[in-house]
Amino acid sequence: KLTTIKNNFWAGEVFPITYNLNVVRRYFHSLATNVEWPATPLVAEDWSKPDPSEMLIRGERRVVSTQTTRAYAKQAGRSTLKPATQMVNLMVGTTGFGLFSQATVEQRALQSSPQDITIQALPPSPTNFSGAVGQFTFTAKVVPTSAAIGEPVTWTIELAGTGNWPDITGLPSREVSNEFQVVQPKSKRTMKEGALFEGGLSEDVVLVPSHPGSYKLKPVNFTYFEPQAGTYKTISSEPVTLTTTTGAPETPARSNPGAPVQFSL
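Let me begin by describing the structure that accompanies this report. (Residues numbered from 1 in each chain as written. Predicted model: local features only at pLDDT ≥ 70, side-chain atom pairs only at ≥ 80, totals over all residues. Heavy atoms only, no water.)

1. Regarding the nonpolar core
Among the nonpolar cores identified, the biggest contains 24 residues, and F136, F138, W155, L159, L207 and F222 are the most heavily contacted of them. Among the elements of the structure, β12 (129-143), β14 (153-163), β17 (198-209), β18 (213-217), β19 (221-226) and β21 (240-245) are those that each provide at least two residues to this core. The contact partners of F136, leaving out residues within four places of it in the chain, are L159, A160, G161, T162, G163, W165, I168, Y224 and I235. In this structure, F15, F28, V63 and L90 belong to the second largest nonpolar core, which totals 23 residues. (Core = buried A, V, L, I, M, F, W, Y, C linked by side-chain atoms within 4.5 Å. Buried < 20%, exposed > 50% of the residue type's maximum accessible area, 1.4 Å probe, protein only. Helix = DSSP H or I, 4+ residues; strand = E, 2+ residues; numbered from the N terminus. Contact = heavy atoms within 4.5 Å.)

2. Here we look at the packing of aromatic side chains
Counted under the stated rule, the structure contains 13 aromatic pairs. Summarising the aromatic geometry, the rings of F136 and Y224 are spaced 5.3 Å apart at their centres and angled 75° between planes, so their arrangement reads as edge-to-face. Separated by 88 residues along the polypeptide, F136 in strand β12 and Y224 in strand β19 bring together distant segments of the chain. One exposure class covers both F136 and Y224, and it is buried. Note on F180 and Y215: the rings are 4.9 Å apart at their centroids and 70° apart in plane angle, and the pair reads as edge-to-face. Note that F180 is positioned in strand β15 (residues 180-183) and Y215 in strand β18, a separation of 35 residues in sequence. Across this residue pair, the class does not change: F180 and Y215 are buried. In textbook terms, an aromatic cluster arises when at least three aromatic residues are bridged by ring pairs, as seen for F136, F138, W165, F222 and Y224. A cation sits over an aromatic face here: R174 above W155, 5.3 Å from the ring centre. (Phe/Tyr/Trp six-rings, centres within 6.5 Å; stacked < 30°, edge-to-face > 60°. Lys NZ or Arg CZ within 6 Å of the ring centre and 35° of its normal.)

Dropping the structure here:
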């Protein structure tokens, strides 16, 4: 069987899918292949590893193997979870007699039934919608908040959470006074090991002040769709005040006759 927790999901919503293999114990020999499932048009993670166990169901011992994955659909409309297939070695009889008897093992392909699901289109989105669907946190920090002219200041923003990460291409833009030299950031994406839908995205902007003063770095806003609530949400970083100074004047080094020349790089 292939099963989902419900039959209706939002476009971009990540949902779990469970694959269950159930074989009468006296027929089961071994798993011959991994489960094969054509996920298209869904975007899906790899299946978890099989972990067969035995259970007593209605007086019959059975081998039960359960695997899980997660997926999401990009487009709204009716969709079908295609059948999953797995090759299983089954004991279908014996040959010989007594001590010389031997199990006859044949390989059979077991296939699940297809399952229909409905993908709902997202409601009309605000202009600053990022395309992210899921649950996210958004943080920002500035280090240091006080610096001299020419000293670098790092402004870091980070998005983290669970959602449709393959469709999240970047972070929101930021505004800063033109009295700063700006080193353009490179985004760094860090995903949880073995996961396609859990991770984080961060950017470090380096600001180099050219004038003294007090500057307010405006909050950065990130808008995403939360499937559980069925609404758009905007999370914002806190505003930061950055103070720049001229710095302490350098003290010239005393020169002594015959002493090595002192200089700085």
